[in-house]
Each structure stands twice: as C-alpha cells, then as structure tokens.
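# Chain and residue survey
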Amino acid sequence: FLDRFMEEKDFPWLLITDDDTIISPVRFAQMLACYPTDEPVILGQRYGYMTASGHGYNYVTGGGGKIINKAAVKQLLSLDDSCACPAANTPEDMHIFGICAKRAGISINHSGRMFQARPVDYPSSMISYRKPVSFHKHWEIDPVQVYEDWFRKSDNTLREHLKAKSVKEEL
C-alpha cells in the first residue's frame, strides 16, 4: 500500500485508520499544517516496546490513526526487503511503523490529539482542551453521537466553505 501512495500526486499525507475510528477532517488538516511535508514524519499515538531496556523501539499504534508523509514512505521503501512483514499476523503498526521506522532513522511523533479509545474512557478534563482529532472503538457507544459531540462544530466550517464554493461556481 505504501507503493501505491507514492504514485498519488495530489496527496502529501497518508492516514491509516481502523474501520471503527471516528475522525474530524478539519482538525486533521489543522494538525497537519504544523508539520513539514519535505521531511520524514510519522505521527499518531506513540507507544513503546521494550524502550526501557534500550533495545526496544517506539511505534504508532493503529486505533487512533497513523499518519505518514511521502518523505517518510520514501525512506521506508529505500530499506531492503527485510522490512516486509514476516508473517500475515505480524502487527504492522509495530513492524512497519516501529521496527522499520527505527531502521530508517525516522522519529515517531506523538500526538496527544489522536485517541486509542472512546471519549468515555478518558477524563473529560484531559481531552476537552486538546481538541481531539480522532477516537477509536464503537462498542457500547453511538459513533454518530460521538461525532456530533466532539467534531460536528469544527467540521461545519468545512461544510460552509464547500457550500459557498459550490454556490460561487453555479453563479
């Protein structure tokens, strides 16, 4: 999938999410505006595997979303075939976005705005000021209501912009 991303001319960023991730497109775009597209960037909720031992690595966990730019993909693809997943059940977040990123010299950037769990799993005082970009998991919640409560207001700015643009084009 990284090879196909490199063929896309109009997209400097690739967002990889689970099928139960809720995201705000406007907040996503606002967050990415803070990062360069010409330097390797991998961004998401950073976890560590055996980092305290000095022999581990950081990786971006998948639930809240993983973001990678073309500069980082280019570095990953420049590695030899040893970065292909060794087995079908290999966790790609730990392998590609951890082990291979470390081998390629790409730093893993943590975002405190991309959440691995549902809003109810966090103290509201912790998440309300961060302007969340994403939440993960739909069980025992209504994902539409989560979107309404956390993202609708900020995403309305995009809807209004697109609506105004459409009206201008019609005129």
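This text goes with the structure placed above it.
Residues numbered from 1 in each chain as written. Predicted model: local features only at pLDDT ≥ 70, side-chain atom pairs only at ≥ 80, totals over all residues. Heavy atoms only, no water.

Taken as a whole, this structure holds one disulfide when the rule is applied. Between C85, a free cysteine, and C100, which holds the nearest cysteine sulfur, the sulfur-to-sulfur gap is 7.3 Å. Look at C85 and you get partly exposed, because its relative accessible area is 33%. (Disulfide = S-S within 2.5 Å. Buried < 20%, exposed > 50% of the residue type's maximum accessible area, 1.4 Å probe, protein only.)

Structurally, the position occupied by C83 is in the loop between α3 (70-77) and α4 (92-104). On the basis of relative accessible area, C83 is assigned to the buried category, the value being 13%. What C83 contacts, discounting residues up to four positions off in sequence, is H95, C100 and R103. (Helix = DSSP H or I, 4+ residues; strand = E, 2+ residues; numbered from the N terminus. Contact = heavy atoms within 4.5 Å.)

Take the environment of V144 next. By the element assignment, V144 lies in helix α6 (residues 143-150). Judged by its relative accessible area of 54%, V144 falls in the exposed class. Along the backbone, V144 and I22 are 122 residues apart, and their C-alpha atoms lie at a distance of 8.8 Å.

With that settled, the discussion passes to α3. When we look at burial in α3, the residues that qualify are K70, A71, A72, V73 and L76. For α3, the secondary structure elements touched by its buried residues are α1 (2-7), β3 (42-49), β4 (57-69) and α4.

Our focus in this paragraph is the nonpolar core. Formed by 19 residues in total, the largest nonpolar core has its most connected members in I42, I68, L76 and I106. By residue number, the principal contributor to this core is α4, which donates five residues. Setting aside chain neighbours within four positions, we find L76 in contact with L2, I68, I96, C100, A101, A104 and I106. In terms of nonpolar packing, the next biggest core, distinct from the first, is built from 10 residues, F135, I141, V146 and Y147 among them. (Core = buried A, V, L, I, M, F, W, Y, C linked by side-chain atoms within 4.5 Å.)

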